Amino acid sequence: MLNPIIASDSSLEHPMPITSTINQLSAPVGVTLQRFIANEQRNYPQAKGDFTQLLADISLAAKIINRDINRAGLISLEGSAGAENIQGEDQQKLDVIANTRFARALRLGGKVCCIISEEEDELVHTGNEQAKYVVAIDPLDGSSNIGVNVSIGTIFSIYRRRTQRGTSPTMEDALQAGSQQLASGYVLYGSSTILVLTTGHGVNAFTYEPSLGEFFLSHAQLRFPDSGKIYSCNEGNFNHFCPRIQAYLESCRDQNFQGRYIGSLVADFHRNLLKGGIYLYPPTQKAPQGKLRLMYECNALALLAEQAGGMASDGTQRILEIEPQKLHQRVPFYIGSPNMVEDVLRHLSN
Ligand code: AHG
Ligand code: MN
Ligand code: MN
């Protein structure tokens, strides 16, 4: 006789034993993001709670965007907004909405003096001149996947401002090297919504529980496997890569690696973090600096990668050491499991 808590469908030859799953589900839910950050703050007795508040503002914006994304198809939020951003890319309605959601949350939260955003030509002043933090964001990463129900994300970096509080923030506050980040993270709106965060003490991931409206710690102290078998690259550009990158990609094929490319950087990075792999966006003849943006894509992921035991390079130096020259600067990008990044760097230096 079937155990009553085993699936009772008689057509199932091997009913799935779900007892253990049920036990797991009824176990006490874990630590919320808010509690986790508050606990971390206890290590800094001088902290006044501003940073905790800022992370709460970011997570609130992420929850609202998550809701917008889930309803996008129902309320016509898919498709083009009819304008281009400064990089000549077609802005999607959700790009614009996500940007507005973040800007509003950060302005009203009061802890951020200025914002660098993919969707804004210039540095955005929030009007909070007393605030001590600067945020760089890619409000929606993977825009081309919005209309086709494929995972997309949000990427963010947090810096301390350099100019004096009470004054108007300047480019000196905005153009800081990635090594100066106090924290970075991303939200992946995928089969579940997950917020992955580092404050410089490893990498932790928090899965969203929509019915409770909370992020719960689900993956503590994530580490990149030293190596892996996945390479993520837009091989449609193969003919435009330099011979060294072509040789590297051929070596991946020779080793029977798995090619996996979602086209949302956040989603490709997240899979590689969990399974082991490398993501690369090398330069092409047409785009000699590659495609990805240092300030709101590469720096955040580079900090996460290094905090998780991985590596991130532009082919010649650590991403985190690059001194930025402009807000929308692009860089070649090689990131992931340390042995795999070292391998591509070896190919580049041959
Ligand atoms: P965004 O949607 O924020 O503009 O970023 C798109 C990025 C990144 O998410 C992705 O990995 C890459 O562009 C894909 O580029 P290709 O289509 O050239 O492969
Ligand atoms: Mn992006
Ligand atoms: Mn984007």
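Data block above holds the structure.
Predicted model only: the values in this text are computed from it and were never measured. (Residues numbered from 1 in each chain as written. Chains lettered and ligands numbered in written order. Predicted model: local features only at pLDDT ≥ 70, side-chain atom pairs only at ≥ 80, totals over all residues. Heavy atoms only, no water.)

Undergrad: Explain the coordination of the manganese ion (ligand 3) to me, using residue names and the numbers behind them.
TA: Only Glu118 (OE), Asp138 (OD) and Leu140 (O) from the protein reach the manganese ion (ligand 3) as donors, at distances of 2.1 to 2.2 Å. Taken as an interatomic distance, the gap from the manganese ion (ligand 3) to the manganese ion (ligand 2) is 3.7 Å; Asp138 donates to each of them. On the criterion of sequence distance, the pair formed by Glu118 in the loop between strand S3 (112-117) and strand S4 (124-125) and Asp138 in strand S5 (residues 133-141) is long-range, its members being 20 residues apart. Just as Glu118 is buried, Asp138 falls in that class too. (Donors = N, O, S within 2.8 Å, 3.2 Å for Na, K, Ca; no water. Helix = DSSP H or I, 4+ residues; strand = E, 2+ residues; numbered from the N terminus. Buried < 20%, exposed > 50% of the residue type's maximum accessible area, 1.4 Å probe, protein only.)

Undergrad: Explain the coordination of the manganese ion (ligand 2) to me, using residue names and the numbers behind them.
TA: Ideal geometry at a metal centre gives angles of 109.5 degrees when four donors are arranged tetrahedrally and 90 or 180 degrees when six donors are arranged octahedrally. Looking at the metal site, the manganese ion (ligand 2) is ligated by Asp138 (OD), Asp141 (OD) and Glu297 (OE), spaced 1.8 to 2.2 Å from it. Here the donor residues for the manganese ion (ligand 2) map to a single chain with the spacing D-x2-D-x155-E. Overall, Asp138 belongs to the buried group, its relative accessible area being 0%.

Undergrad: I'd like a rundown of the environment of Ser313, residues and numbers included.
TA: Along the polypeptide, Ser313 turns up in strand S14 (residues 311-313). When the C-alpha atoms of Ser313 and Gln53 are compared, they prove to be 32 Å apart, with 260 residues separating the residues in sequence. Not counting residues within four places of it along the chain, the set of residues in contact with Ser313 comprises Arg318, Ile319, Pro332, Phe333, Tyr334 and Leu345. At 2.8 Å, the side chain of Ser313 and the backbone nitrogen of Gly315 are in polar contact. (Contact = heavy atoms within 4.5 Å. Polar contact = N/O pair within 3.5 Å; in protein donor to acceptor, adjacent residues only side chain to side chain.)

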